Amino acid sequence: TQRPELHGPPMYFTPDWSSAEASVQRLASLEPELVITGHGRALQGPEMRRALNTLARDFRSVAVPKR
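Residues numbered from 1 in each chain as written. Predicted model: local features only at pLDDT ≥ 70, side-chain atom pairs only at ≥ 80, totals over all residues. Heavy atoms only, no water.

**Overview of the nonpolar core**
Here is the rule: Each nonpolar core is a collection of buried residues, namely Ala, Val, Leu, Ile, Met, Phe, Trp, Tyr and Cys, held together in the definition by side-chain atoms within 4.5 Å. Relative accessibility thresholds used throughout: buried, under 20% of the residue-type maximum; exposed, over 50%; partly exposed, between the two (1.4 Å probe, protein chains only). Secondary structure elements are taken from DSSP: a helix is a run of H or I of four residues or more, a strand is a run of E of two residues or more, and numbering for both begins at the N terminus.
Judged by nonpolar contacts, W17, A20, V24, A28, L52, L55, A56, F59 and A63 together constitute the single largest core of 9 residues. Among the elements of the structure, α1 (17-29) and α2 (45-62) are those that each provide at least two residues to this core.

Okay, structure coming up:
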């Protein structure tokens, strides 16, 4: 029932935010047709690519914890 969404990595599993940001940027540069993350539903198509590009662009403000 939850709407599919794309967001950054979980804070409790991410010790290196710079590497996580680089990974998201690399994934976005691949322009995938399908993203299967291992949790949640698979995402695909133009809306997913827009969300991935937005996450890559705004990673520090939307994914990295303030503290």
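**Considering the packing of α1 against α2**
Condition: Each axis is a line fitted through C-alpha atoms, and for a helix only the stretch in contact is used; angles between axes span 0 to 180 degrees, taken between their N-to-C directions. Note on angle classes: values under 35 degrees are labelled roughly parallel, values over 145 roughly antiparallel, values of 65 to 115 roughly perpendicular, and the remainder oblique. With the far helix as reference, a near helix turned anticlockwise by less than a right angle produces a left-handed crossing, and one turned clockwise produces a right-handed crossing. Here a residue-residue contact requires only that any non-hydrogen atoms of the pair lie within 4.5 Å. Amino acid classes used here: Ala, Val, Leu, Ile, Met, Phe, Trp, Tyr, Cys and Pro are nonpolar; Asp, Glu, Lys and Arg are charged; the rest, including Gly, are polar.
Running from N to C, α1 and α2 cross one another at 155°; their axes reach a closest spacing of 8 Å. Here α2 runs roughly antiparallel to α1, going by the angle between their axes. In this structure, the crossing between α1 and α2 has a hand that is left-handed. Across the interface between the two elements, W17, A20, E21, V24, Q25, L27 and A28 from α1 touch L52, N53, L55, A56, F59 and R60 from α2. Partitioning the contact of α1 with α2 into residue classes produces 9 nonpolar, 2 polar and 2 charged.

**Description of the confidence of the model for the chain**
Quick note on the threshold: The quantity known as pLDDT measures the predictor's confidence residue by residue, on a range of 0 to 100.
Per-residue pLDDT for the chain averages 93, and the proportion of residues at 70 or more is 99%. When the elements of the chain are averaged for pLDDT, strand β2 (residues 43-44) gives the smallest value, 94, and α1 the largest, 97.

**With respect to the side chain of E21**
On the secondary structure map, E21 appears in helix α1. Leaving out residues up to four positions away in the same chain, E21 has contacts with F59 and R60.

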